[in-house]
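Close look at the chain arrangement
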Amino acid sequence: MPRLVMKFGGTSVADLACIRNAAQKVKREVENGFEVVVIVSAMSGKTNELVGWVNETAPMFDAREYDAVVSSGENVTAGLMALSLQGMGVPARSWQGWQVPLKTTSAHGAARITEIPCDNLDAKFAEGMKVAVVAGFQGLAADGRITTLGRGGSDTTAVAFAAALKADRCDIYTDVDGVFTTDPRITDKARKLDRISYEEMLELASLGAKVLQTRSVELAMRFNVRLRVLSSFEDARENSGTLVCPEEEIMENNVVSGVAYSRDEAKMTLVSVADRPGIAAAIFSPLAAAGVNVDMIVQNISEEGRTDMTFSCPTNQVALASKALDAARDSGEINFHDLIADKDVCKVSVVGIGMRSHAGVAAQMFEALAAEGVNIKVITTSEIKVSVLVDRKYMELAVQALHDTFNLENAA
Ligand code: ADP
Ligand code: ASP
Ligand code: MG
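Definitions and cut-offs
By convention here, each chain's residues receive numbers from 1 onward along its written sequence. Lettering for chains starts from A, numbering for ligands starts from 1, and both go in the order in which the items are written. Only residues with pLDDT of at least 70 get local features here, since the model is predicted, and only at 80 or more are side-chain atom pairs given and counted; chain-wide, interface and lining totals rely on the full set of residues. Hydrogens are left out, water is left out, and the side-chain values use all remaining heavy atoms of the structure. Stacked, tilted and edge-to-face are the three classes applied to pairs of Phe, Tyr and Trp rings, where Trp contributes its six-membered ring and a pair requires centres within 6.5 Å; stacked means planes under 30 degrees apart, edge-to-face means over 60, and tilted covers the rest. Burial classes follow relative accessibility: with a 1.4 Å probe on protein chains only, a residue under 20% of its type's maximum area counts as buried, one over 50% as exposed, and anything between as partly exposed. Each helix corresponds to a stretch of at least 4 residues labelled H or I by DSSP, and each strand to a stretch of at least 2 residues labelled E; elements are numbered beginning at the N terminus. Whether a charge lies above a ring is judged from NZ of Lys or CZ of Arg, which has to be within 6 Å of the ring centre and within 35 degrees of the ring normal. Only a single heavy atom is needed: when it lies within 4 Å of a molecule or strand, its residue is near that molecule or strand. Counting of polar contacts relies on pairs of N or O atoms within 3.5 Å, with two restrictions inside protein: one atom must be capable of donating a hydrogen and the other of accepting it, and residues adjacent in sequence are counted only when both atoms are side-chain atoms. The protein chains shown are the only cover counted for residues, whose accessible areas, like all others here, come from Shrake-Rupley with a 1.4 Å probe. Polar here means any residue outside two lists: the nonpolar Ala, Val, Leu, Ile, Met, Phe, Trp, Tyr, Cys and Pro, and the charged Asp, Glu, Lys and Arg; Gly therefore counts as polar. Should DSSP find at least two bridges between two strands, the strands are regarded as paired. The axes used here are C-alpha line fits, helices contributing only the stretch in contact, and every angle between their N-to-C directions lies in the interval 0 to 180 degrees. What makes two residues a contact is simply this: any of their non-hydrogen atoms within 4.5 Å.

**Considering the packing of aromatic side chains**
Under the definition given, this model contains three aromatic pairs. Between Phe61 and Tyr66, the aromatic rings sit 5.0 Å apart at their centres with planes inclined by 15°, giving stacked as the arrangement. For Phe61, a relative accessible area of 32% translates into the label partly exposed. What makes Tyr66 buried here is its relative accessible area of 12%. Geometrically, the ring pair formed by Phe284 and Phe311 is edge-to-face, given 5.7 Å between the ring centres and 80° between the ring planes. With Phe284 in helix α9 (residues 279-289) and Phe311 in strand β15 (residues 306-313), the pair connects residues that are 27 residues apart, well separated along the chain. On the accessibility criterion, Phe311 (1% relative accessible area) is buried. Positioned over the ring face of Phe336 is Arg329, at 4.2 Å from the centre of the ring.

**Things to note about the site of ligand 2**
The immediate surroundings of ligand 2 are formed by Ser41, Ala42, Thr47, Glu74, Phe137, Arg151, Gly152, Gly153 and Ser154. A distance of 2.6 Å separates an oxygen atom of ligand 2 from a polar atom in the side chain of Arg151. The separation between an oxygen atom of ligand 2 and a polar main-chain atom of Gly152 is 2.9 Å. When ligand 2 is considered free in solution it has 260 Å² of accessible area, and contact with the protein chains removes 87% of it.

**Quick notes on the site of ligand 1**
In the vicinity of ligand 1 lie 16 residues, with Thr174, Asp175, Phe180, Asp183 and Arg185 positioned nearest. Here an oxygen atom of ligand 1 sits 2.7 Å away from a polar atom, N or O, in the side chain of Thr174. A distance of 2.9 Å separates a nitrogen atom of ligand 1 from a polar backbone atom of Phe180. For ligand 1, the accessible surface in isolation is 570 Å², of which the surrounding protein chains cover 89%. For the shell around ligand 1, the residue count by class is six nonpolar, five polar and five charged.

**Describing the sheet that holds strand β11 (residues 227-231)**
The eight strands are arranged β3-β6-β2-β1-β9-β11-β12-β10 in an open sheet whose pairing can be described as mixed. The open sheet is flanked by β3 (92-95) and β10 (195-197), the only strands paired with a single partner. Each strand axis lies, on average, 20° off the axis of its neighbour in the sheet, ignoring direction. Pairing analysis gives three bridges linking β11 to strand β12 (residues 242-245), with the strands arranged antiparallel. When the sheet's bridge partners are listed, Arg228 is paired in β12 with Leu243. Against the sheet, helix α5 (residues 119-126) makes contact with β1 (3-8), β2 (35-40), β3 and β6 (131-135), and its axis sits at roughly 130° relative to β2, the strand it touches most.

Here it is in structure tokens:
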């Protein structure tokens, strides 16, 4: 029998009526002849509440217990979804991650899926079960402890199941109609894209577009999973949603396909470090050892043998980074006059595979920002993206200006 994976995010299972609505969609696919694996998130807001409780109980928490608490939201929705389906006459059963078992690494809070043995599910499907409802976001480490896959991780659970089960499709149901040219919450000029390439979606996700977790796009690309993003509040039609697919399946490549932003950025500057061979290694090795996710890096020109080094990292890692750099200074590995942290910045990026063959995108981006009086603090580029760091108060303005200058309102 053909198989389908359907994933419902937090807003799509926000209350019992939403769960019933989602169950109706699943029932329809069963009637279309599919065996379905449904992946559910926790009810909207639940995971944030659980994370809050953990932080309040123990600010320096044990990551194993964080996962024990934070994974629980998905258990509730999995059971309720199975009950809802049973109430509609659909043979359904719920599964927690450990029951499958969805095996992961032991990196609590950000575990990676290593294997999904499907024998248990296969046996139940063979007995006549039509729907397996699996709690998203959670897995099992080799030592028997529950893990979670990082925020937004149910998307990754869904794609991993689609790959493991060789499903025909992986449908991600959410609160918007698909992948848009930018976050539709930032501008009503955002347009839904009918198709987007894996490469572009990967960049958009990793640059902040949280409609899909980055890791889910990586997996979809690696295992050639046909991934569709669509609304759980609309009736699906032939061309609903956005198909994330190989570049070859897209006829016309836009130079820029989308604009992404990430609020959660900080800029740190080491003032006056000695400019000598090995200085970058001396600065960034202790940061790496401390687990700081350094993103952009700039080294300024040097005067009289000293220079400033600037980098960006997530806002919640500023204290960690400062501690690592102070320790490196105390031990004599590096020497700097001052360390300045600016937490009021954000990153805005434009992404498009058309950039590979089209010069001038960066210049057009900088002109559009200049016209709005937005000062650029750091710039990085790659083959298909340009990112800038700007003051956070300009975030919406910058996204809108870039959306306008690349004429994304007329994209499709
Ligand atoms: P779910 O709970 O279903 O997983 P998320 O909140 O994780 O949903 O992701 C959907 C949200 O992603 C949308 O409500 C939207 O605000 C945001 N988003 C950001 N960038 C984009 C984009 N380019 N296209 C569509 N949605 C986007
Ligand atoms: N409930 C988890 C979160 O909010 C996982 C998910 O919804 O994808 O991050
Ligand atoms: Mg999500």
